[in-house]
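# Structural characterization, general
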Amino acid sequence: MKEYNEEYIACFSEDKYKNILQDNNVLNLLIPLINKYTNKYDGNCKIDGEDIIFKESLDHYILKQLQENPSFINTVEMRNYAEFIARIYRENSIEVNTNVVLKNEKYRNLIIDKYLKDRKQSLNMDYNFQKNNAILKNIFEKMERNYTITQQEVDFAAEFIAKSRNKNLEENKIFLKYVFGQMKNTDLKFSCRIQDAVLSYLPFYYSNNLVSNTRYTLCDTYQGRELNGPGFSCGPVVVFNKNYFQNVNLKSIEDSNKERLVSGNDITFFMIVAFHEITHSLQMINAKSTVLNDSGLGYIFHSILTKDLNDYSYNHNSDIIEIEANKQGWDECRNFYSIFYSGPDKETLNRNCYVNSITSKLRRLFSSKKDSKDNYYSYEEYDMNNLSSILIKNPKYIEEYPMLREIFSENGQFKLDFLLNNDLYTNENCMMVLDNFFLTNGVTSMSKYLDRNKLSDDKISHLITNINYYILRRLDARDDLNYVIRHKSFGQYRHIKELSEEKAQEIGNYHYKKGLEAYKKAIPLLEKIKKLYSKESYYVDDTIKRINRAINKNNSNNSELQAMIDELNINNDLLSKPIKKM
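In this report, the structure presented in the accompanying data block is examined. Just so we're clear, the structure is a prediction, and the values are computed from it rather than from any experiment. (Residues numbered from 1 in each chain as written. Predicted model: local features only at pLDDT ≥ 70, side-chain atom pairs only at ≥ 80, totals over all residues. Heavy atoms only, no water.)

### Let's talk about the overall build of the chain
Counting secondary structure elements, the chain contains 26 helices and 7 strands. Sorting the 582 residues of the chain into buried and exposed places 55% on the buried side. Within the chain, contacts between residues at least 6 apart in sequence are counted, and of these 69% link residues at least 24 apart. As displayed, the chain has an accessible area near 26100 Å², and 45% of this comes from carbon and sulfur atoms. (Helix = DSSP H or I, 4+ residues; strand = E, 2+ residues; numbered from the N terminus. Buried < 20%, exposed > 50% of the residue type's maximum accessible area, 1.4 Å probe, protein only. Contact = heavy atoms within 4.5 Å. Areas by Shrake-Rupley, 256 points an atom, 1.4 Å probe, with all protein chains shown as cover.)

### Overview of the sheet that holds strand 5 (residues 237-241)
Across the sheet, 3 strands lie side by side as 1-5-4; this open sheet has mixed pairing. The open sheet has two edge strands with one neighbour each: strand 1 (215-219) and strand 4 (231-233). Direction aside, neighbouring strands of the sheet carry axes that sit 15° apart on average. By the bridge criterion, 3 bridges tie strand 4 to strand 5 in an arrangement that is antiparallel. Paired with Ser233 across the two strands is Val238, which belongs to strand 5. With respect to the sheet, helix 4 (residues 49-68) is in contact with strand 1 and strand 5, its orientation differing from that of strand 1 by roughly 135°. Contacts from helix 12 (residues 192-205) reach strand 1 and strand 5, with the element oriented near 160° to strand 1. (Pairing = 2+ DSSP bridges. Axes fitted to C-alpha atoms, helices over the stretch in contact; angles between N-to-C directions.)

### Here's the deal with the side chain of Glu56
With respect to the helices, strands and loops of the structure, Glu56 is situated in helix 4. With relative accessibility at 13%, the residue Glu56 sits in the buried group.

### A few points about the side chain of Asn97
Residue position: Asn97 is located in helix 6 (residues 95-98). There is a polar contact of 3.1 Å between the side chain of Asn97 and the side chain of Asn133. Leaving out residues up to four positions away in the same chain, Asn97 has contacts with Lys103, Asn128, Phe129, Asn132, Asn133, Phe160 and Ser164. (Polar contact = N/O pair within 3.5 Å; in protein donor to acceptor, adjacent residues only side chain to side chain.)

### A word on the packing of aromatic side chains
What the rule picks out here adds up to 28 aromatic pairs. Here the aromatic rings of Phe240 and Phe245 are separated by 5.3 Å at their centres, their planes lie at 20°, and the arrangement is stacked. In this structure an aromatic cluster arises from ring pairing among Phe180, Tyr201, Phe204, Tyr205, Tyr206, Phe275, Phe336, Tyr337, Phe340 and Tyr341. Over the aromatic face of Phe54 sits the side chain of Lys16, whose NZ or CZ is 4.9 Å from the ring centroid. (Phe/Tyr/Trp six-rings, centres within 6.5 Å; stacked < 30°, edge-to-face > 60°. Lys NZ or Arg CZ within 6 Å of the ring centre and 35° of its normal.)

### With respect to helix 2 (residues 14-21)
Of the residues making up helix 2, those classed as buried are Tyr17, Ile20 and Leu21. Seen along its axis, helix 2 keeps its buried residues to an arc of 90°; they face one direction. What points out from helix 2, more than 90 degrees from its buried face, is the exposed set Asp15 and Asn19. Contact partners of the buried residues in helix 2: helix 1 (6-9), helix 3 (26-38), helix 4 and helix 5 (76-91). (Arc of directions from axis to C-beta.)

### What to know about the pattern of salt bridges
This structure, assessed with the given rule, holds 19 salt bridges. Here Glu95 makes a salt bridge to Lys55, at a shortest N to O gap of 2.6 Å. Pair noted here: Glu95 is in helix 6 and Lys55 is in helix 4, with a separation of 40 residues, a long-range link. Given the relative accessible area of 1%, Glu95 is considered buried. Given a relative accessible area of 1%, Lys55 falls into the buried group. Through salt bridges with shared partners, a single ionic network connects Glu6, Glu14 and Lys64. (Salt bridge = Lys/Arg side-chain N within 4 Å of Asp/Glu carboxyl O.)

### A closer look at the state of the cysteines
The full count for this structure, using the stated rule, is 0 disulfides. Unpaired in terms of disulfides, Cys234 finds its nearest cysteine sulfur in Cys219, a separation of 8.7 Å. Judged by relative accessible area, which is 28%, Cys234 ranks as partly exposed. In this model Cys333 remains outside any disulfide bridge; the closest cysteine sulfur is found in Cys353, 5.3 Å from its own. (Disulfide = S-S within 2.5 Å.)

### Examining the packing of helix 10 (residues 151-164) against helix 11 (residues 170-182)
Running from amino to carboxyl end, helix 10 crosses helix 11 at an angle of 135°, the nearest separation of the two axes being 11 Å. Classed by the angle they form, the pair helix 10 and helix 11 counts as oblique. Read as a crossing pair, helix 10 and helix 11 show a hand that is left-handed. Side by side, helix 10 and helix 11 meet where Val154, Ala158 and Ile161 of the first sit next to Glu171, Asn172, Phe175 and Tyr178 of the second. Of the residues in the contact of helix 10 with helix 11, the class split is 5 nonpolar, 1 polar and 1 charged. (Parallel < 35°, antiparallel > 145°, perpendicular 65-115°, else oblique. Left-handed = near helix turned anticlockwise from the far one by under 90°. Nonpolar A, V, L, I, M, F, W, Y, C, P; charged D, E, K, R; others polar.)

So, in structure tokens, the structure goes:
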């Protein structure tokens, strides 16, 4: 059975492994790595995350060679690796229980017999392997029974879990339930080792298994880059600043009272950052797919706009990938806490995560972006208008990102067929940008398209459904906004300093107005559909009724909005009865 992880190995080229292991001065090259690895949790030791990831990948590379070619045990590479790993083991005996090579009894014995036999008595690998297992078993039994344990014991168990990276360990769940249950009732510190253990399990727990091979690492730098914030994602690796979370408060959930966290000091901040960053890893993975997906498309939009407009720093909080990462992060937190968290405030924490998820979803609707001249636009308008202009000028991006070919022609023009072939409303990220762009810029083109082409029932159905849900999403925004206001403050957003009921009404009216404007533009198109496709009359009528119900439900005293409704009543031949007066 293959026990190594191919994706871990692929983080570095095989030439790198070979060149280091075949070098006569290999230990001179690797001794700094030994020191960094064995002192990973020492606050006084500067650690680069790439070193930690490389060491782990090296272990998997060696295991692969041994499993695929038994004679590899006789190579210079293996001899040098044996010396390297023996030095790490002498510094930290738990290596024998966590290293993918050493914890395999067959390969451990081969290494001892071939290279370490003369030092077997001093190394005592087999003895320490059994001894550590016994200690770990005792610790996990104490955790399961809620017995008192020491900081040294919980740190020892945490280091075992963190370095093992084994999703099938039963001890993972015992450990997590202890940390998020009993441990918060003690004076034990949420140490670097415990943080590392919690992080190591999250890729396996995350709802999308595409990120199961993503690796978290605690460090000070990554590839020489200083870590100023709590962490960042760089694809298969999520980097966490080991100095940022030194004083995490396990007993507090105060940080769950804000949807968009830029700083914090309790366990909720730690967890939302973790899930937020791994969502970025998922976005990067999805962006490489040739199959259209909403998350990956959002990351492609982000990549192109950031590269060409260089606006990420001042539009960060409204960037499409950040909004998704926050929403998904809170959803993942809620699911995680439902299993592992215990305490009298669990219901409050669960509700806060839920409200934060809704808040993130709403932020898609009312977030704004600014251009280089400080002019503000809705993020949907900003993203799609800029992207469309960039693609027309630089259609090379359509070749670079195959997913774009389904949406844009070779010369960068939006394909109306895309709208006719997909139910965009089922997505909440990039597709919202696309249907907004259509109802802002593409209705006239679609009307002409209908005159020239006979469409299938399915295509017409997709078109009606997308029009329906886009308009309803705008009209219903005010209700969703009021729901959030009833539960918490929205005051952390730069363009909403204090969201009073009056301010909430203003924002809600803005989106309500957008819905009415989209409805006004869509009516001639709906009339044409009903005329050309009589079989779809029922669906057009149903759409009109649903939109009118939403308008009536959300009515408020606003003269501008009433004037728009009056105009709709006069000009809309499809209305079976007038929309009610406010």
